[in-house]
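Examining the three-dimensional arrangement
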Amino acid sequence: MALPKLVVGITQGDSNGIGYEVIIKSLCDERILDSFTPVIYGSSKLMGFYRKTVHNIGPMDINVIASGAEAKQKKINLVNCLPDNIYAEPGQSTPDSAKAAIKSLEMAVKDLKDGQIDVLVTAPINKRAMSTEGFSNTGHTEYLQKEFNVDDVTMIMVIPQLKVGVVTGHIPLRDVSKTLSKDSILRKL
């Protein structure tokens, strides 16, 4: 008996940033649907807009759903959690793009807490724009730490050739050497 595929929630990130392009390029090969069930948290309107900007890929069948609980295997699922009047201004930092990133993250975390998705992947955000819209965290990692009420978290970036766990979090590079200690490294390990 085959186990059900992992349901992977994917936030759209800043709607004027590179999130949709990265998501589209990552999911354009249908064979990926053999590995997991993707659930994108964003806008079908924005997905359609950015789909037209990514060249040399075939058609993508998007299954629009209300929550992760409705996700279908072998489909690219999209929770349409943004208002219909949203529009894209690629490369521009706007209050609406920041609000969209916040809403996408909130909806995905709700479904993660409710067990409707198994894991969460987050697309890039504009931290400065989000902070002006009331997002009081320095990034995704700190938001998730607060939402799940845990003492310690580690941001991990992975590519086939390299896996990086960040010890210091979101601080200026000039402060990293002052912040690193044997204890902080061991705690993250």
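In the block above lies the structure referred to throughout.
Residues numbered from 1 in each chain as written. Predicted model: local features only at pLDDT ≥ 70, side-chain atom pairs only at ≥ 80, totals over all residues. Heavy atoms only, no water.

Remarks on the sheet that holds strand β5 (residues 119–122)
Note: strands within a sheet are paired through backbone hydrogen bonds, in either parallel or antiparallel orientation. Judged by pairing direction, the sheet is parallel, and its five strands sit side by side in the order β3-β4-β2-β1-β5 without closing on themselves. Looking along the sheet, the strands with just one partner apiece sit at the ends: β3 (62–65) and β5. Neighbour-to-neighbour, the strand axes of the sheet open up by a mean angle of 30°, direction not taken into account. Sheet topology note: the strand β2 (residues 36–42)/strand β4 (residues 76–80) ladder contains four bridges and is parallel. Looking at β4, one finds that tyrosine 41 is bridged to valine 79. Contacts between helix α2 (residues 44–53) and the sheet are confined to β2, β3 and β4, with β4 contributing the most and set at about 130° to the helix. In the packing of helix α3 (residues 95–113) onto the sheet, contacts are made with β1 (6–11), β2 and β5, and the angle to β5 comes to roughly 165°. (Pairing = 2+ DSSP bridges. Helix = DSSP H or I, 4+ residues; strand = E, 2+ residues; numbered from the N terminus. Axes fitted to C-alpha atoms, helices over the stretch in contact; angles between N-to-C directions. Contact = heavy atoms within 4.5 Å.)

Considerations on unusual backbone geometry
In the Ramachandran plot, asparagine 56 falls in the positive-phi region, its phi being about 65° despite a non-glycine side chain. Mapping asparagine 56 onto the fold places it in the loop between α2 and β3. Accessibility expressed as a relative area gives 82% for asparagine 56, which makes it exposed. Its identity is not glycine, yet asparagine 149 carries a phi of approximately 50°, on the positive side. Along the polypeptide, asparagine 149 turns up in the loop between α5 (140–147) and β6 (155–159). (Buried < 20%, exposed > 50% of the residue type's maximum accessible area, 1.4 Å probe, protein only.)

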